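Descriptive analysis of the structure
Below are the chains, spelled out letter by letter.
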Amino acid sequence: EADIYQTPRYLVIGTGKKITLECSQTMGHDKMYWYQQDPGMELHLIHYSYGVNSTEKGDLSSESTVSRIRTEHFPLTLESARPSHTSQYLCASSETRTGSDEQFFGPGTRLTVL
Amino acid sequence: KQEVTQIPAALSVPEGENLVLNCSFTDSAIYNLQWFRQDPGKGLTSLLLIQSSQREQTSGRLNASLDKSSGRSTLYIAASQPGDSATYLCAVALYQLTFGKGTKLSVIP
């Protein structure tokens, strides 16, 4: 079944740890995105990718980094987590070749940094 | 800079009622508009996508309209059910999606 997956779903870690949030999609989409969402607030785009070896920063400044070595995989890394990184991180993908560009989202990772 | 506003922020209705959620945006130069549903602590589920050249889209009990010139979209939900309780998000796209804060809907049995 075509879908978009995120792991872990929940993560509680201490300050200073390096973490990687995983995102994979089996829909064959070319574009992928990472959003950050604080409780009761809008989603903000932090990174996106048009395809393999393409990554761009979004509107919201973020200390995280991303990579796109395979079409289906778009991991997000925080080298040194801080309490200010506590948030929900949502991964999405879309298909631009059909002209729709409709975005589909994963279930999210809720990150808590102590 | 595009800004998206959703009114009301919260809405409570009895089961069976028809309801309308509103979305407005400041820049009419958009590629498409999407309506999403978000359940607490979960990701987003895409409900409807309207391309900029379209006026409306329908899926089951949902109907979304788009008036690009006035910067408005509405999501109409017919015969609401308790399972419709969720936060509904509107997002407009040009090069990327800009989201509103959402309308939290509660349907009371």
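Residues numbered from 1 in each chain as written. Chains lettered and ligands numbered in written order. Predicted model: local features only at pLDDT ≥ 70, side-chain atom pairs only at ≥ 80, totals over all residues. Heavy atoms only, no water.

1. Re the nonpolar core
Judged by nonpolar contacts, the single largest core of 22 residues is most densely connected at F25, L33, W35, L75, I77, Y88 and L105 of chain B. Mapped by element, the contributors of at least two residues to this core are β3 (19-25), β4 (32-38), β5 (44-51), β7 (62-67), β8 (72-77), β9 (86-93) and β11 (103-108) of chain B. Apart from the residues within four sequence positions on either side, Y88 of chain B is in contact with Q6, L21, F36, R37, L47, L75, I77, G102, T103 and L105 of chain B. Counting residues in hydrophobic clusters, the runner-up holds 18 residues, among them M32, L78, A81 and V113 of chain A. (Core = buried A, V, L, I, M, F, W, Y, C linked by side-chain atoms within 4.5 Å. Buried < 20%, exposed > 50% of the residue type's maximum accessible area, 1.4 Å probe, protein only. Helix = DSSP H or I, 4+ residues; strand = E, 2+ residues; numbered from the N terminus. Contact = heavy atoms within 4.5 Å.)

2. Observations regarding the state of the cysteines
Counted according to the given criterion, the structure contains 2 disulfides over all chains. What pairs with C23 of chain A in a disulfide is C91 of chain A, and their sulfur atoms sit 1.8 Å apart. Between C23 of chain A and C91 of chain A the disulfide shows an S-S torsion of about -75 degrees. By sign, it is left-handed. Taken together, the positions of C23 of chain A in strand β3 (residues 19-25) and C91 of chain A in strand β9 (residues 87-94) put the pair 68 residues apart, joining distant regions of the chain. By the burial criterion, C23 of chain A is buried, and C91 of chain A matches it. Here C23 of chain B engages in a disulfide with C90 of chain B; their sulfurs sit 2.0 Å apart. Around the S-S axis, the bridge from C23 of chain B to C90 of chain B shows a dihedral of about -60 degrees and counts as left-handed. (Disulfide = S-S within 2.5 Å.)

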